[in-house]
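Structural overview for review
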Amino acid sequence: GDVIEVQNMNGDQSFIAEIRKINLRTSTVVTRENKILIIPNSQLTHERVINWSMGDQVTRFSIPVTVKYGSDLEEVKKILIQCVYEHPKVLKTKDPIVRLLNFGNHGLELDILFWADQNLFIELHKSEIRFAIDHKFREHGIVVPFEQAHIHLDQETIDALKGKI
């Protein structure tokens, strides 16, 4: 029943699974995709394994967000907190935290931290919260910027390109 995250098994990307059975030589786990994996215990002891279920059943999760420069950060913060609180799987006993992480190349980089019971399907809950955030941002005119590149050309390059574009 423990939820584990196995990182870099056989060079693959990490995955999250629920332990179903532990035998002498192998363990059986089920992934989020409902795939049953039989993993040699020796492999589990040689890979980095995070047991989400050890200790407290409550885990802190994060959703990063970037907003356009000039956005009203108090309004952004209010919306982020509202969207997290409205999700039924988020614990209401611990207040979410909004952090301004960086003045990024394309906008103000923030994240919202919240607590929830450890859950094999936390990524689905985070997706539902992201949908709610997007909806509220649109409703309030808050823009999530897209990456832009500025290309500077010298006159010689501009002259060479004339007639070709």
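Residues numbered from 1 in each chain as written. Predicted model: local features only at pLDDT ≥ 70, side-chain atom pairs only at ≥ 80, totals over all residues. Heavy atoms only, no water.

**Examining the confidence of the model for the chain**
Where we set the bar: Summary of the metric used: pLDDT quantifies the predictor's per-residue confidence within the range 0 to 100. What counts as a helix is a DSSP run of H or I of at least four residues, what counts as a strand is a run of E of at least two, and both are numbered from the N terminus.
Residues at a pLDDT of 70 or more form 94% of the chain, whose mean pLDDT is 89. Mean pLDDT across the elements of the chain bottoms out in strand 5 (residues 48-51) (80) and peaks in helix 2 (residues 73-86) (98).

**Looking at the pairing of strand 8 (residues 108-117)**
Going by this rule: Type-normalised accessible area, obtained with a 1.4 Å probe on protein chains alone, sets the label of each residue: buried when under 20%, exposed when over 50%, and partly exposed for intermediate values. In short, DSSP must find at least two bridges between two strands for them to pair.
Strand 8 sits mainly inside the fold: eight of its ten residues count as buried. Across ten bridges, strand 6 (residues 58-67) lies against strand 8 in antiparallel orientation. Residue pairing for strand 8: R60 is matched across the bridge by W115. Bridge count between strand 7 (residues 97-103) and strand 8: six bridges; the pairing is antiparallel. From the neighbouring strand, L100 faces strand 8, where its bridge partner is L110. The loop that links strand 7 with its antiparallel partner strand 8 comprises four residues.

**Brief notes about the sheet that holds strand 5**
To keep it simple, the criterion reads: What counts as an axis is a line fitted to C-alpha atoms, over the stretch in contact for a helix, and the angles between N-to-C directions run from 0 to 180 degrees.
Spatially, five strands are ordered 4-3-2-1-5 in an open sheet, and the strand pairing comes out antiparallel. Of all the strands in the sheet, just strand 4 (36-40) and strand 5 have a single pairing partner and so form its edges. Strand-to-strand twist across the sheet, computed as the mean angle between neighbouring axes with direction ignored, equals 40°. Note that strand 3 (residues 26-31) and strand 4 share five bridges and pair antiparallel. Across the sheet, residue S27 finds its bridge partner in strand 4, namely I39.

**Side note on helix 3 (residues 122-139)**
One full turn of an α-helix is made of 3.6 residues, so residues set three or four places apart face in the same direction. Operational definition: Each helix should span, by expectation, one fewer than its residue count multiplied by 1.5 Å. The reported arc concerns the directions from the helix axis to the C-beta atoms and nothing else.
Spanning 18 residues, helix 3 covers 26 Å between terminal C-alpha atoms, matching the ideal 26 Å at 1.5 Å per step. Burial in helix 3 covers these residues: I122, H125, K126, I129, I133, K136 and F137. For helix 3, the angular spread of the buried residues around the axis is 115°, confining them to a single face. Counted as exposed and oriented over 90 degrees from the buried face of helix 3: L124, F131 and R138. Directly beyond the C-terminal end of helix 3, a positive phi value near 70° is found at G141.

**Here we look at the pattern of salt bridges**
Rule in force here: The salt bridge criterion pairs a side-chain nitrogen of Lys or Arg with a carboxyl oxygen of Asp or Glu, the two atoms within 4 Å.
Applying the stated criterion across every chain yields a total of seven salt bridges. For the salt bridge of E18 with R20, the shortest nitrogen-to-oxygen distance reads 3.3 Å. Given the relative accessible area of 21%, E18 is considered partly exposed. Classification of R20 as exposed rests on a relative accessible area of 52%. Note that E139 is salt-bridged to K136, the shortest N-O span being 3.9 Å. Of this pair, E139 and K136 both sit in helix 3, three residues apart, which is roughly one turn of the helix. According to the relative accessible area criterion, K136 is buried, its value standing at 17%.

**Remarks on the sheet that holds strand 6**
To keep it simple, the criterion reads: Two residues form a contact once any of their heavy atoms are found within 4.5 Å.
The strand order 6-8-7 describes an open sheet built from three strands, whose pairing is antiparallel. Across the chains shown, the open sheet's two edge strands, defined by having one partner strand only, are strand 6 and strand 7. Between one strand axis and the next, the sheet turns by 25° as a mean value, whatever way the strands run. Contacts from helix 3 reach strand 6 and strand 8 within the one sheet, and its direction differs from that of strand 6 by about 35°.

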